[in-house]
Amino acid sequence: MTTDTTQTPETAASKQATREEAALCARARALGFSCCGISAPRLEEMAQARLHAFVAEGQHGTMAWFARRLEERLDPKKLWSEARSAIVLGIDCTPEGDARKAWQRRLADKGLAHVATYALGEDYHEVVKKRLKTFARWLCIEYDTQAKVFVDTAPLSEKSLAAQAGVGWIGKNTQLVSRTHGCWLLLGVVLTARMFQPTSPSYVPPLARSSSPPSSPPSPLPSPREVGRCGSCRRCLEVCPTKAFPRPYALDARRCLSYLTIEHRGVIPREFRVAVGNRVFGCDDCLAVCPWNKFARAAQELEKDLEKEIEKEIEEEIEEATQEEVGKAEEDSMAVVLRSRADLGTGRIAAWLRLEDGEFRRLFRKTVVKRLGIARFRRNLLVAAGNSEDATLLPLAEELLADEDGVVRASALWAVWRLGGRARVRELAAEYLDGEEDETVREEWAWCCERDFLAPQEKATC
Ligand code: SF4
Ligand code: SF4
């Protein structure tokens, strides 16, 4: 055995740290994660300032929970005082083929119920969490430590930690953008009680192609810092249908269609209803136009070979497992990660407006859309119906004037007004208005009874 006497304690520590990074990333890759980075469990000043401004300017809208737990979001150690490192893992959900063309086609089809791309598969919270737990179990055994996993379920700023870990940078659209995966990344975080050397923002080791750590450290990528790569591009800011970016790197959630169609619980404010178009769950626009997505598609091609290699490794592991473990390993296998539901990408407004609660739950089982509940789902469909210019949807909207939920009734009325005009609203008022006790719905009746169809140039703001 020989000893390297030329090695200083600093370089030995540095090599050890790099080996650990490589080992963590290799394990992440073996579990189907596309990227991995390590950050200290605290937010840098810039990230803190952004979150403070978001709340101070009231841009979180009705997400009171965001403001209430801001302190924890600013300091992950307030979530778990033992935390000494944050390991950020991402799964690439870049759609196959030309995502931008598909996005444009789906928005142009007014009878289609447009669901945001990330929601077209199994509920990513479940998929990512399952993987994170497997990763955390391995981590705890391998490094004799403790760990906790987070996937958009606790007040933790996954995006900021990912940027600090060098996984990408925060783009002008306020989303994490990766040089190799574009904007379509689903993130999860493992907080661990053991300290790992943070990956520098200028260098994240390439994910190793084997589940065992390489014998020598990978050579650093000759890349500049993973920040400020938006340059002069403004595509995301310009495409936003509701002008939800008051300035680059800042989002006013109150104007964002993702927030309005998912988080917001009341009626969608009138000024944004036309802009909703046919979006019934979320909005892809400021992600779909990002030029960095094209590198994600290139990465996908490269990854196909790698996936085969990993599937082979998993198959070998499965063969060695007990019968009970077989079931679990199969459940965890790569195929689960990005399984998409083609039927969710082709749903029609007419068909989904007919769904009863039980049918809605069955159709959207194991997806994030199910979290909306039938009332908010109908609200969104009715706004989309109002924008469809398809008079055959009028009877369906009229049926929902009697819905038990006031938000649905108000949204149905707006759809009736858009599809059938003021005259039809006035005819129906005699039947429904007297018994209406909900102030919001009564206001909607008053508004729709008073206004005639607007000229096209006025429609944009109604
Ligand atoms: S998700 Fe849509 S509405 Fe929200 S900021 Fe992006 S483009 Fe604008
Ligand atoms: S669209 Fe342009 S400005 Fe927006 S995040 Fe992507 S690169 Fe940055």
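Throughout this description, residue numbers start from 1 for each chain and increase along the sequence as written. For naming, the first written chain is A and the first written ligand is 1, with later ones following in the order written. Side-chain atom pairs in this predicted model are given and counted only at pLDDT of 80 or more, local residue features only at pLDDT of at least 70, and totals for whole chains, interfaces and linings cover all residues. Heavy atoms from the whole structure form the basis of all side-chain values; hydrogens and water molecules are not counted.

Undergrad: Even after reading the chapter, I still don't get the site of ligand 2, so can you show me in this structure?
TA: Definition of nearness: a residue and a molecule or strand are near each other if at least one heavy atom of the residue lies within 4 Å of the molecule or strand. The environment of ligand 2 is formed by G171, K172, N173, V177, C230, C233, R235, C236, C290, P291 and W292. Taken together, the residues of the shell around ligand 2 break down into seven nonpolar, two polar and two charged. Under the scheme applied, nonpolar residues are Ala, Val, Leu, Ile, Met, Phe, Trp, Tyr, Cys and Pro; charged residues are Asp, Glu, Lys and Arg; polar residues are all the others, including Gly.

Undergrad: I'm lost on unusual backbone geometry in this one. Help?
TA: Excluding glycine, residues mostly carry a negative phi; peptide bonds, for their part, are mostly trans. Positive phi is not limited to glycine here, since T174 has a value of about 70°. With respect to the helices, strands and loops of the structure, T174 is situated in the loop between β5 (169-170) and β6 (176-177). A run of H or I in DSSP counts as a helix once it spans at least four residues, and a run of E counts as a strand once it spans at least two, with each numbered from the N terminus.

Undergrad: In this structure, what is going on with the environment of L89? I would like to understand it.
TA: Topologically, L89 is positioned in strand β2 (residues 85-92). To sort residues, take the accessible area from a 1.4 Å probe on protein chains only and compare it with the maximum for the residue type: under 20% means buried, over 50% means exposed, and anything in between is partly exposed. Judged by relative accessible area, which is 0%, L89 ranks as buried. Separated by 99 residues in sequence, L89 and G188 place their C-alpha atoms 5.4 Å apart. Note on contacts: a residue pair is in contact if any heavy atoms of the two residues lie within 4.5 Å. If near-sequence neighbours (up to four positions away) are discounted, L89 is found in contact with A28, F33, C35, C36, L132, F135, L186, L187, G188 and V190.

Undergrad: How do you make sense of the site of ligand 1 when you look at a structure like this?
TA: Taken together, C240, P241, T242, A244, F245, L251, C256, L257, S258, C283, D285 and C286 make up all the residues around ligand 1. Elements with a minimum of two residues in the shell around ligand 1: α9 (257-263) and α11 (285-288). Partitioning the shell around ligand 1 into residue classes produces nine nonpolar, two polar and one charged.

Undergrad: What exactly am I supposed to notice about the nonpolar core here?
TA: Across soluble globular proteins, nonpolar side chains show a tendency to be buried alongside one another. Residues belong to a common nonpolar core when they are buried Ala, Val, Leu, Ile, Met, Phe, Trp, Tyr or Cys residues joined through side-chain atoms within 4.5 Å. Core analysis: the biggest nonpolar cluster contains 128 residues, and I87, F135 and F377 have the highest contact counts within it. At twelve residues, helix α19 (residues 406-432) tops the list of elements feeding residues into this core.

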